[in-house]
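Report on the structure
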Amino acid sequence: VSAIEAYSDHEVGYGWDLFWDYCRELESISKSPLDDDHSLETGVQLSAYLASFGMYRNSRLSSLSAYGFQEIIKSSRKALESVSDIRLESLSETDRTRVVELFDTIGKALDVKKVSSTTTMVTKISLALWGQVPAFDSFAKTSMYQLGLSGKNQQFPNKYRDVFDAMMILKNKYTDSW
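Thresholds, definitions, all that
Residues numbered from 1 in each chain as written. Predicted model: local features only at pLDDT ≥ 70, side-chain atom pairs only at ≥ 80, totals over all residues. Heavy atoms only, no water. Axes fitted to C-alpha atoms, helices over the stretch in contact; angles between N-to-C directions. Helix = DSSP H or I, 4+ residues; strand = E, 2+ residues; numbered from the N terminus. Parallel < 35°, antiparallel > 145°, perpendicular 65-115°, else oblique. Contact = heavy atoms within 4.5 Å. Nonpolar A, V, L, I, M, F, W, Y, C, P; charged D, E, K, R; others polar. Phe/Tyr/Trp six-rings, centres within 6.5 Å; stacked < 30°, edge-to-face > 60°. Core = buried A, V, L, I, M, F, W, Y, C linked by side-chain atoms within 4.5 Å. Buried < 20%, exposed > 50% of the residue type's maximum accessible area, 1.4 Å probe, protein only. pLDDT = per-residue confidence, 0-100. Polar contact = N/O pair within 3.5 Å; in protein donor to acceptor, adjacent residues only side chain to side chain.

To continue, consider the packing of helix α3 (residues 39-52) against helix α4 (residues 66-83). Interhelical geometry of α3 versus α4 gives an angle of 105° and a closest axis separation of 8 Å. By the angle class used here, α3 and α4 are roughly perpendicular. Residue-level contacts link S39, L40, T42, G43, V44, L46, S47 and L50 of α3 to A66, Y67, F69, Q70, I73, K74 and R77 of α4. Among the residues forming the contact of α3 with α4, the class breakdown is eight nonpolar, five polar and two charged.

Right, dumping it as structure tokens:
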């Protein structure tokens, strides 16, 4: 079964449910979706997860095979492991740097595959594989603009660091927790 077929046949109908069910199932038997034994299947699941958010529209992502996703996962494994203990409630400068390095690592892995490493794409992948930071997507950008935290089409010169800082401002000002 392809990722897209699995996604479309899933009872709940959401790729993120399918992806996180897959991750929970592995964790229940003390396995990780990042393990070499599971990285190809994780790549297939990640593909369906991104499709559920419409990330294939106007993107070279559709040219990426499950093996391409597997390579992105393998390239990002060390950075993902380095953030696994971070909790956003008690974020140190070192933690902040490790999160930005994770974003940068995922971005570089996408660039190698000639897939646009937008902040939305990078943070959606980070959300899938790490689960601690929400995606910096149109919903987050619109919320920040409406709350007066950014300009309508604000550019971020330090790309990932500025985006992460913006997300933390949004989190700290307007939510109890994530």
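Counting across every chain of the model gives three aromatic pairs. Residues F19 and Y22 carry aromatic rings whose centres are separated by 6.4 Å and whose planes lie at 50° to one another, so their mutual orientation is tilted. Within this pair, F19 and its partner Y22 are both found in helix α2 (residues 15-28), separated by three residues, close to a single helical turn. Feature note: the residues F19, W20, Y22 and Y49 constitute an aromatic cluster, connected by ring pairs.

Here we come to the nonpolar core. The nonpolar side chains of soluble globular proteins are, as a tendency, buried together. Ranked by size, the top nonpolar core spans 44 residues in total, and within it L46, L50 and W130 carry the most contacts. Among the secondary structure elements, those contributing two or more residues to this core are α2, α3, α4, α5 (93-112), α6 (119-129), α7 (138-146) and α8 (159-174). For this core, the leading source of residues is α5, giving seven residues. If sequence neighbours within four positions are ignored, L50 has contacts with M55, Y56, L61, F69, M121, K124 and I125.

Caution applies to low-pLDDT parts of the model: their predicted coordinates are not meant to be read in detail. Of all residues in the chain, 79% attain a pLDDT of 70 or more, and the chain-wide mean is 78. Low pLDDT, under 50, characterises residues 1-12; the predicted model gives this stretch 16 contacts beyond four residues in sequence or across chains.

Within the fold, T42 resides in helix α3. Here Y22 takes part through its side chain, which lies 2.7 Å from a polar atom of the side chain of T42. When sequence neighbours within four positions are dropped, the list of residues in contact with T42 reads F19, Y22, P33, I73 and L129.

Attention now goes to the environment of K159. Examined against the element boundaries, K159 turns out to sit in helix α8. A relative accessible area of 32% means that K159 is categorised as partly exposed. Dropping the residues within four chain positions of it, K159 is found in contact with S117 and T119.

Moving on, we come to α6. Burial analysis of α6 places eleven of its eleven residues in the buried class, the great majority of the element. Taken residue by residue, α6 has T119, T120, M121, V122, T123, K124, I125, S126, L127, A128 and L129 as its buried positions.

Within the element layout of this structure, V44 appears in helix α3. You can call V44 partly exposed: its relative accessible area is 23%. Linking V44 and Y67, residues 23 residues apart in sequence, is a C-alpha distance of 8.4 Å.

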